[in-house]
Amino acid sequence: MSVSVCRSAQCAFALALVLSLANYAAAETRTWTDKSGKFKIEANFIEIVEGQVKLERPDGKKVSLPLAKLCKDDQAYLKDLMKRRRSGAPEAENPFEAGSDSSPGNADAFSGVPRGGRPSRGGPSSANGWQIGDKVEVRDHIKWEVGEVVGFDPEWDRVFVKLDGNARMVQAHDNEHSLRRFDPDLGSGGAGVAGAVDLSSIRRIVPLGGDSGDFKPDPAPAAPVDWKPRPVGLNPKSGFFENVVGVSFANVGTTAVIGHSGGAGVHDEQSRIEICDLKTGRVTAMVEGPPKLKMVAVSPSGKKLATISEVDTFFFGPLQIWEVNGKQLKLLKGWHVSSDENRRRVEWIGWTDDEHLMTVDGSGLTMWSVEGPSGEYQVTGNGMKGPAFSPGGKQFAIGTDNGFSIHEVASGELLTKIAMDHGFHRKVAFSPSGKLLAATGSSTIEVFDATTGGKGIEAYCGSGNSDKGLCWLGEDHVLVGGTDLIHLPSQMTVWTYEHSAESVVPLAGRIWYVFGGRGDDALALLPFKLPHPAVKPVSESELVLQPGDEVSIQLELTFDLGQDISGNAVSPQDQLKTALTEAGFLIVDDSNKRLVGRTLPGETKEIKYRMFGAAFRETQKASYTQRVFELELVVDGASVWKRRRVLDAPFHLQLKENESVDQAINRSMQADNGFFRSTVPSRVLPTAAEKARTSTLSINGIQ
């Protein structure tokens, strides 16, 4: 990256602009612009002396600018102002107001018919129809601020807005990315926002503290599903960059909603929501959703929707409640649900009934009454993602960094808790009986008996795809990410379903896959009955590795390893021994079955870092070589399982005293040798047999 260097006069001009923005007042300052339009300054006019325009900035400092270098509107303004002073006529309070002879440009610049469908009130307007006195929200850096339109610069497509509260003036580009309507009855962006609900007195439930309550399983209702699920063909995408951002199924009934966001352009913010009838296989309505939609949830009756959008970069909310009214959405209300003022990021939303819904953010899980809105209770904890509901719908389980807990939906009461050695944002799911819970690990699935709190089964799962769903298929199978079908009695993956679906959701005895990711043409919501008939358990005779086998260790290291993640210098040899022992293998010195741990160099790459602090804007190049880590199970010289990790230079570096960038990269890449502590599968099929137990799921069915 090249370093930008500007001339001293231009730098002083730009610096003056930055300093003056904080104190800009509508009645006291004017934006002065040079002929190029690149440089601007807010200041009061004092006088003209020998072709130099004397100005005073809001901070009291005085500057001089050549009259000949000002833009034509500023020169016209000064000419008119000097005439007024010579004639003794009063100066306009706001040189941008309607009817002022000193407004920039001329009246004809404001006289066109406004675009965008906004009614004209007879005064000047912007290109998109904004009027003097309009209440708006203007993007001030990354936040939206409420203010009032006080003027326009039609030549540069700018709107001048005086902010509420501090009277500071800002300039906004005349487009929807910088300026939007503010309705005092609806709130921010017309979102029906009541502001953040006061949760200072809400009952907060600590999920892993104190004693557990009484836990009784909440199994699925005995009544069978009385309708036949049908596949739903979705409407074509509006553009290449449209993506599925939310999928939700009504707890009862046959309604599903699919949220789409984006369009033909990479920065398109529009969204659409499809409402589907799973019984008829039809899209019953397609409605326009809020811009930059991030998630959507449908109420049990299918008559209400809840949405969350990204209002600014890294800022989510508010929660908006809509009524499905034919082919349109009617906004009912909205409020900020996140109690994290710095981020306002929401992880999950979902309804429990048509009058109550849950949200999960950085503070935990909150139950809301829509009627208020008011907070009913909050389950606090770190690392929460989304809850899992019991088959009967009366309980929910939520994972934290330290385990998970089960609560009563109506009251939030803690029913039982299960602690774990680590959490890592685990997902959990109830079995159909409501007694067992499956929880994801980094490479395993652990099954717990909720009535005792004990762990019964741990099975290897190598897909790492749990973000797309975790669900039970009967009491003996767990499906991870819609991909790995794990047979719990044998503790291994017995089938792999390869797919490109955006989401995987269980409902009505089916697993529903939403197809139509970025770049895909066909979109569909398809129900699959899984496991399909071809799936059968694996017999011991088919395995090339199983618990009790003798396995030797082989190390192939090309560079030194650092400490593990806990800061302990555990040798790779000892880590491999631990992994084999936990998998149930016997460790011997020499065997035809080997666990190989290796390190090797990867690609050599170049990276640029931009320096901060005193050396801001300076960039430095560095060259580094990737470090590759592999674990491999080998039987009779043939690879039957492999796990690989590639370590790159970090995106951010913090230099120590007298340390170079190259030295910092080398230090940061002194890799965590805890990789060799990874879980290895205890039961392994030959490669050919594993491929034979693989199917592809697509809009063409199971292949």
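**Q** Please explain the overall build of the protein as it appears in this structure.
**A** Counting its secondary structure elements, the protein contains five helices and 46 strands. By the burial criterion, 47% of the 703 residues in the protein qualify as buried. Across the protein, contacts joining residues at least 24 apart in sequence account for 53% of those joining residues at least 6 apart. For the protein, the exposed area adds up to about 34400 Å²; of that, 48% sits on carbon and sulfur atoms.

**Q** What is the right way to look at the nonpolar core in this model?
**A** Grouped burial of nonpolar side chains is what soluble globular proteins tend to show. Among the nonpolar cores identified, the biggest contains 30 residues, and Leu545, Leu595, Leu631 and Ile665 are the most heavily contacted of them. Secondary structure elements with two or more residues in this core: β40 (550-556), α3 (572-583), β42 (593-610), β43 (619-635), β44 (638-647) and α4 (661-668). Counting residues per element, this core draws most heavily on β43, at six residues. Discounting residues that sit within four places of it in the chain, Leu545 has contacts with Val551, Phe585, Lys593, Leu633, Val635, Val640, Ser682, Arg683 and Val684. If you look at the next biggest cluster of nonpolar residues, it comprises 22 residues, including Cys471, Ala524, Leu543 and Leu697.

**Q** So what exactly am I meant to see when it comes to the pairing of strand β35 (residues 484-487) here?
**A** A two-sided burial pattern is seen for β35, the buried positions comprising Asp484 and Ile486 on one face and Leu485 and His487 on the other. With four bridges connecting them, strand β34 (residues 477-480) and β35 associate as antiparallel partners. By the bridge assignment, Val478 is partnered in β35 with Ile486. Connecting β34 to the antiparallel partner β35 that follows it, the hairpin turn spans three residues, and Gly481 within it adopts a positive phi of roughly 60 degrees. Inspection of the sheet shows β35 paired to strand β36 (residues 492-498) by four bridges, in the antiparallel sense. Paired with Ile486 across the two strands is Thr493, which belongs to β36. Hairpin connection of β35 to β36: four residues between the antiparallel strands, including Gln491 at a positive phi of 55 degrees.

**Q** Honestly, the packing of aromatic side chains in this entry has me stumped. Any pointers?
**A** For any pair of aromatic rings, the description consists of the separation of the ring centres together with the inter-plane angle of the planes. Applying the stated criterion across every chain, the model contains eleven aromatic pairs. Aromatic side chains Phe404 and Phe448 sit 5.6 Å apart centroid to centroid with 80 degrees between the ring planes, which places their arrangement in the edge-to-face category. Of this pair, Phe404 sits in strand β27 (residues 403-408) while Phe448 sits in strand β31 (residues 444-449), and the two are 44 residues apart along the sequence. Assessed through its relative accessible area of 5%, Phe448 is described here as buried. Grouping aromatic residues by their ring pairs yields a cluster made of Trp32, Phe45 and Tyr77.

**Q** For this particular structure, what's the right way to read the side chain of Lys304?
**A** One can find Lys304 in strand β18 (residues 304-312). Within polar-contact distance, the side chain of Lys304 engages the backbone oxygen of Asp354 at 3.3 Å. Excluding its chain neighbours within four sequence positions, the residues that come into contact with Lys304 are Ala297, Val298, Ser299, Trp322, Val324, Leu332, Trp351, Asp354 and Glu355.

**Q** Would you take a moment to explain the sheet that holds strand β41 (residues 586-587) for this structure?
**A** Within a sheet, each strand pairs with its neighbour through backbone hydrogen bonds, oriented either parallel or antiparallel. Taken in spatial order, the five strands line up as β41-β40-β42-β43-β44 in an open sheet, and their pairing is mixed. Of all strands in the sheet, those bounded by a partner on one side alone are β41 and β44. Where β40 lies against β41, two bridges are found, and the strand directions are parallel. In the strand pairing of β41, Glu550 is matched with Leu586. In the packing of α3 onto the sheet, the strands contacted are β40, β41, β42 and β43, and the crossing angle to β40 comes to about 150 degrees.

**Q** Mind showing me how you'd approach the pattern of salt bridges here?
**A** Note on pairing: side chains with opposite charge can pair once their charged atoms come close. In the structure shown here, the tally under the stated rule is 20 salt bridges. For Glu355, the salt bridge is made with Lys304, and the minimal N-O distance between the two is 3.2 Å. Of this pair, Glu355 sits in the loop between β21 (346-353) and β22 (356-361) while Lys304 sits in strand β18, placing them 51 residues apart in sequence. Relative accessible area serves as the criterion here: at 35%, Glu355 is assigned to the partly exposed category.

**Q** Teacher, can you tell me more about α3 here?
**A** Along an α-helix, a turn takes 3.6 residues, which lines up residues three or four apart on a common side. Its twelve residues place the ends of α3 17 Å apart at the C-alpha level, agreeing with the 16 Å of an ideal helix rising 1.5 Å per residue. For α3, the complete set of buried residues consists of Pro572, Gln575, Leu576, Ala579, Leu580 and Ala583. The buried residues of α3 all sit within an arc of 135 degrees when viewed along its axis, so they share a single face. Exposed residues on α3 whose side chains face more than 90 degrees from its buried face are Thr581 and Glu582. On the buried face of α3, the contacting elements are β40, β41, β42 and β43.

**Q** Got a minute to help me understand the environment of Gly233 in this structure?
**A** Tracing the sequence through the fold places Gly233 in strand β12 (residues 232-233). It is 7.2 Å that separates the C-alpha atoms of Gly233 and Arg282, two residues lying 49 residues apart in sequence. Ignoring any residue separated from it by four or fewer positions in sequence, one finds Gly233 in contact with Val283 and Leu523.

Calculation rules
Residues numbered from 1 in each chain as written. Predicted model: local features only at pLDDT ≥ 70, side-chain atom pairs only at ≥ 80, totals over all residues. Heavy atoms only, no water. Helix = DSSP H or I, 4+ residues; strand = E, 2+ residues; numbered from the N terminus. Buried < 20%, exposed > 50% of the residue type's maximum accessible area, 1.4 Å probe, protein only. Contact = heavy atoms within 4.5 Å. Areas by Shrake-Rupley, 256 points an atom, 1.4 Å probe, with all protein chains shown as cover. Core = buried A, V, L, I, M, F, W, Y, C linked by side-chain atoms within 4.5 Å. Pairing = 2+ DSSP bridges. Phe/Tyr/Trp six-rings, centres within 6.5 Å; stacked < 30°, edge-to-face > 60°. Polar contact = N/O pair within 3.5 Å; in protein donor to acceptor, adjacent residues only side chain to side chain. Axes fitted to C-alpha atoms, helices over the stretch in contact; angles between N-to-C directions. Salt bridge = Lys/Arg side-chain N within 4 Å of Asp/Glu carboxyl O. Expected span 1.5 Å × (residues − 1). Arc of directions from axis to C-beta.

By themselves, these figures tell us nothing about what the structure is for.
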